[in-house]
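# Observations on chain architecture
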Amino acid sequence: MSEYNFTKSLSISFEDALVQVPEKLKIEGFGVLTEIDVKETMKKKLDIDFPRYKILGACNPPFAHKALTSEFEIGTLLPCNVILYERDGKTMLSVMKPSVALGVVDNIELKGIAMEVENKLKNVFDSLN
């Protein structure tokens, strides 16, 4: 694992992960606002073959509201990104650490919110095999 995310290999297919990850996010109060297909974009814009790679922009509205109320311009660091990609024939899951992403802002209240969100995202991460 790196400093800014949690990453692991899943024992399920990429397709199954695309179904299960949003379901697990929903349990923790998140919805997926955006889905970026990096593979498709790289092919379309650059004519480059790229592995399957999806960026899911996850949002937990009550926490987003708290964060925006605490630090109005924090929207530049939202939503929380969750990525699914294939590497060496395996489905990989990577979840951002809000404590790191939002930690660049000197705001004590925001640090607490970031840790609460991180705990919820870690629950999602831990619930997937």
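This text follows the structure it describes.
Please read all numbers here as calculations on a predicted model, not as lab measurements.

### Description of the overall build of the protein
Summing up its helical and strand segments, the protein has 5 helices and 5 strands in all. From first element to last, N terminus to C terminus, the protein shows the α and β order β-α-β-α-β-α-β-β-α-α. The globule rule puts the C-alpha radius of gyration for 129 residues at 14 Å, and the 15 Å found for the protein is close to it. Considering only C-alpha atoms, the protein reaches an extent of 40 × 35 × 25 Å along its principal axes. For the protein, buried positions account for 37% of its 129 residues. In the protein, the proportion of contacts linking residues at least 24 apart, taken out of those at least 6 apart, comes to 68%. Summed over its atoms, the accessible surface of the protein is roughly 7,600 Å², and 55% of this surface lies on carbon and sulfur atoms.

### With respect to helix H3 (residues 61-70)
All buried positions along H3 are accounted for by Phe63, Ala64, Ala67 and Ser70. Across the axial projection of H3, the buried residues extend over an arc of 130°, all falling on one side. Along H3, the residues that are exposed and aim more than 90 degrees away from the buried face are Pro61, Pro62, His65 and Thr69. Looking at the buried positions of H3, the neighbouring elements they touch are strand E3 (53-59) and helix H5 (108-127).

### Looking at the pattern of salt bridges
A full pass over the atoms with the stated rule returns 8 salt bridges. Put simply, Asp37 and Lys54 hold a salt bridge, and the shortest N to O gap is 3.6 Å. Placement of the pair is Asp37 in strand E2 (residues 31-37) and Lys54 in strand E3, with a sequence separation of 17 residues. When salt bridges that share partners are traced, they join Glu15, Arg52 and Glu86 into one network.

The rules behind each value
Residues take numbers from 1 onward in each chain, read along the sequence in its written order. For this predicted model, a pLDDT threshold of at least 70 governs which residues receive local features, and a threshold of 80 or more governs which side-chain atom pairs are given and counted, while totals over whole chains, interfaces and linings are taken from all residues. In computing side-chain properties, one takes all heavy atoms of the structure into account and sets aside hydrogens as well as water. For the purposes of this entry, the term helix denotes a DSSP run of H or I that reaches at least four residues, the term strand denotes a run of E that reaches at least two, and both are numbered from the N terminus. Radius of gyration here is computed from C-alpha atoms only, and the compact-globule reference equals 2.2 Å multiplied by the residue count raised to the power 0.38. With a 1.4 Å probe rolled over the protein chains alone, any residue whose accessible area is under 20% of its type maximum counts as buried; one over 50% counts as exposed, and the rest are partly exposed. Contacts are assigned to residue pairs that have any heavy atoms within 4.5 Å of one another. Accessibility throughout is a Shrake-Rupley quantity obtained with a 1.4 Å probe, and a residue counts as covered only by protein chains that appear here. By arc we mean the arc of the directions from the helix axis to the C-beta atoms, nothing more. Take a side-chain nitrogen of Lys or Arg and a carboxyl oxygen of Asp or Glu: if they are within 4 Å of each other, that pair is a salt bridge.

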